[in-house]
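Examining the three-dimensional arrangement
Read off the chains here:
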Amino acid sequence: TVTSECREGIRSILSDFSHKKLSRDSALRTLLSTASEKLSLRRDSDGSRPPSPPNSSLVTSTFWSLCGQQLQSLALDGGLRCDGRGLDGLRPISCEVDLLPTLHGSALFKRGRLRCSVL
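It should be emphasised that the depicted structure is a prediction, and the values quoted were computed from it without experimental measurement. (Residues numbered from 1 in each chain as written. Predicted model: local features only at pLDDT ≥ 70, side-chain atom pairs only at ≥ 80, totals over all residues. Heavy atoms only, no water.)

Overview of the nonpolar core
- Core analysis: the biggest nonpolar cluster contains 16 residues, and Val 2, Cys 6, Ile 10, Leu 14, Leu 28 and Phe 63 have the highest contact counts within it.
- For this core, the secondary structure elements donating two or more residues are α1 (2-15), α2 (21-41) and α3 (56-78).
- When sequence neighbours within four positions are dropped, the list of residues in contact with Ile 10 reads Leu 28, Leu 31, Phe 63, Leu 66, Cys 67 and Gln 70. (Core = buried A, V, L, I, M, F, W, Y, C linked by side-chain atoms within 4.5 Å. Buried < 20%, exposed > 50% of the residue type's maximum accessible area, 1.4 Å probe, protein only. Helix = DSSP H or I, 4+ residues; strand = E, 2+ residues; numbered from the N terminus. Contact = heavy atoms within 4.5 Å.)

This is the structure we're talking about:
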């Protein structure tokens, strides 16, 4: 099943605090691809192939649901987010003001990959 094939791999990726968002997402997509391939090649105990291959959209939705469960488990049981911050930790934010001098008030806020400009 998707759960038995992926649970430990997902937990390992989510517990690796050296990952940034993009590398973590890439590692999870690679795991999903590998697991999907393994599941499609799986054989029954008698060596025959199952009557139909697994539904890829079901495998994908189950995988991402399992990721959410593992992420929640790490946070609630271990008290850490997947980037290594505690539950009460905040990401740094930077603020720049008066970016456009002709406007009466303009600002740029940055937190992680999120950028927000106010005009």
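Some remarks on the pairing of strand β2 (residues 107-111)
- By the bridge criterion, four bridges tie strand β1 (residues 94-97) to β2 in an arrangement that is antiparallel. Counted as the bridge partner of Ser 94 is Lys 110 from β2.
- Bridging between β2 and strand β3 (residues 114-118) involves five bridges; their strand directions are antiparallel. Residue pairing in the sheet places Phe 109 in a bridge with Cys 116 of β3.
- Where β2 hands over to β3, the hairpin turn is made up of two residues, of which Gly 112 adopts a positive phi near 65 degrees. (Pairing = 2+ DSSP bridges.)

A look at the side chain of His 19
- If you trace the backbone, His 19 turns up in the loop between α1 and α2.
- What makes His 19 buried here is its relative accessible area of 18%.

Here's the deal with unusual backbone geometry
- The residue Asp 98 is not glycine, and still its phi comes out positive at about 55 degrees.
- Mapped onto the secondary structure, Asp 98 falls in the loop between β1 and β2.

Here's the deal with the layout of surface pockets
- Considering only enclosed or pocket space, the largest pocket measures out at about 320 Å³ in volume.
- What lines the largest pocket is simply Phe 17, His 19, Lys 20, Lys 21, Leu 22, Arg 24, Asp 83, Arg 85, Arg 91, Gly 112 and Arg 113.
- Grouping the amino acids of the lining of the largest pocket by side-chain chemistry returns two nonpolar, two polar and seven charged. (1 Å grid on protein atoms, 1.4 Å probe; cavity = no way out; pocket = protein on both sides within 12 Å on 5 of 7 lines; lining within 4 Å. Points joined across faces, edges and corners; volume = space filled by probe spheres on them. Nonpolar A, V, L, I, M, F, W, Y, C, P; charged D, E, K, R; others polar.)

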